[in-house]
Amino acid sequence: MLQVELRFDHASRASQTHTNLSAIRQSSTGLWVAGDETATFEHLTWTGDHYGEQRTFRLADYVTLPAGPEDEADIEGLARADGHLWLVGSHSLKRRKVKSKDPDKAADRLATVIREENRFILVRLPLHGETPGPGTVLSGKEALTTHLRDDRHLAPFLELPGKDNGLDIEGIAVVSERIYIGLRGPVLRGWAVVLELRLEDAGKGRMRLREPYRKHFLDLGGLGVRDLCPDGDSLLVLAGPTMVLDGPVRVVRWRPGPKRQEVVPEDELEAVIELPHGLRCDRPEGLVRLADGRLMVVYDSPSPARMTPAGGVLADVFTI
């Protein structure tokens, strides 16, 4: 394993993007990255010894966001395919964190569930070199959760926060016209869920489903999907804990089939690599297959050992 520095500017460090990295994709000159606490995404250029020269892009400059330009979008996945950059929000509800030792206040916070509309977006942006242009968005009445309201597997989880095993998107991969959406939750009796979509333009900067979505169930041994990335005709699945748990994190290879609904047992998933993780820190969240075949992994809640004096954070690079 090698490590490489991702160096961020003062504004991103102030908003803690560098400690909340959730998505990564390679570009022709560097990396596209996103954190889950803002409504922005970033481009970092390879400088010869680190990724830096950061450029920040506001989502609201390219698509209409349901809750306006400032509310966080909780971007949890990036994909790059056919001259486009894709970004997906978590589509999850959230329960307020306990911040007080006062039992009454703590109980009140735990009883409060919040819906933030900017989380419920799927965005496609055309790329002109390393510069995005005005794009299209799946949101509002066409948001993915609208189509899941009558789903016999997923509908019961739509009103649960993501950290309670509710619906929680954490990965996207685009292969040709197929958009794969990986769910951290729910995990159904140990089986993780991947949705497959096909979209079309609906005019006025909007998208809609071109046909009914497909569902795939993967036996990840109780783990959820933390990211997806293409690998030839296969997908690499970053499998990790659900809810707020720490635990094993691994990468497996899955070869999607043509069926509308697949049930993929564990022995049909190829083990690729076990990843390091910490206790309440160093949580692998973003995965990309680099052009040279190696894997790069970025971490949410990095430990102090990953922080660099120059305002950067260390990502891991694995040879497989």
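Values in this document were obtained by computation on a predicted structure and should not be read as measured data.

Participant: Would you take a moment to explain the overall build of the protein for this structure?
Facilitator: Of the regular secondary structure elements, the protein holds three helices and 26 strands. In terms of overall dimensions, the protein is globule-like: its C-alpha atoms have a radius of gyration of 18 Å, near the 20 Å expected for 320 residues. Reported as C-alpha extents along the three principal axes, the dimensions of the protein are approximately 55 × 50 × 45 Å. Taken over 320 residues, the protein has a buried fraction of 57%. By sequence separation, contacts in the protein at least 24 residues apart represent 54% of the contacts at least 6 residues apart.

Participant: Explanation requested: the sheet that holds strand β23 (residues 270-275) in the structure shown.
Facilitator: Hydrogen bonds between backbone groups are what pair the strands of a sheet, and the pairing can be parallel or antiparallel. Strand order in the open sheet formed by four strands is β19-β20-β21-β23, and the pairing between neighbours is antiparallel. Because the sheet does not close on itself, it has two edges, and the strands there are β19 (224-231) and β23. For this sheet the average axis-to-axis angle between neighbouring strands, irrespective of direction, equals 20°. Sheet topology places strand β20 (residues 234-240) next to strand β21 (residues 249-254); five bridges connect them, and they run antiparallel. Looking across to β21, one finds that Val-237 is bridged to Val-252.

Participant: How should the side chain of Asn-118 be read in this particular structure?
Facilitator: When you line up the elements, Asn-118 lands in the loop between β9 (113-114) and β10 (122-128). Using a relative accessible area of 0% as the deciding quantity, one classes Asn-118 as buried. A distance of 2.9 Å separates the side chain of Asn-118 from the backbone oxygen of Gly-68, its partner in a polar contact. For Asn-118, the contacting residues outside a window of four places in its chain are Leu-65, Pro-66, Ala-67, Gly-68, Asp-71, Glu-72 and Ala-73.

Participant: Help me understand the layout of surface pockets in this model?
Facilitator: Any space left empty among the atoms is revealed by the rolling of a water-sized probe across them. The calculated volume of the largest pocket comes to roughly 1,100 Å³. As for the largest pocket, its lining consists of 42 residues, of which Glu-37, Lys-97, Lys-163, Val-244 and Arg-283 are closest to the centre. Counting residues per element, the ones that place at least two in the lining of the largest pocket are β8 (94-95), α2 (103-110), β13 (168-175) and β24 (283-289). Considered class by class, the residues forming the lining of the largest pocket number ten nonpolar, nine polar and 23 charged.

Thresholds, definitions, all that
- Residues numbered from 1 in each chain as written.
- Predicted model: local features only at pLDDT ≥ 70, side-chain atom pairs only at ≥ 80, totals over all residues.
- Heavy atoms only, no water.
- Helix = DSSP H or I, 4+ residues; strand = E, 2+ residues; numbered from the N terminus.
- Rg over C-alpha atoms; globule rule 2.2 N^0.38 Å.
- Buried < 20%, exposed > 50% of the residue type's maximum accessible area, 1.4 Å probe, protein only.
- Contact = heavy atoms within 4.5 Å.
- Pairing = 2+ DSSP bridges.
- Axes fitted to C-alpha atoms, helices over the stretch in contact; angles between N-to-C directions.
- Polar contact = N/O pair within 3.5 Å; in protein donor to acceptor, adjacent residues only side chain to side chain.
- 1 Å grid on protein atoms, 1.4 Å probe; cavity = no way out; pocket = protein on both sides within 12 Å on 5 of 7 lines; lining within 4 Å.
- Points joined across faces, edges and corners; volume = space filled by probe spheres on them.
- Nonpolar A, V, L, I, M, F, W, Y, C, P; charged D, E, K, R; others polar.

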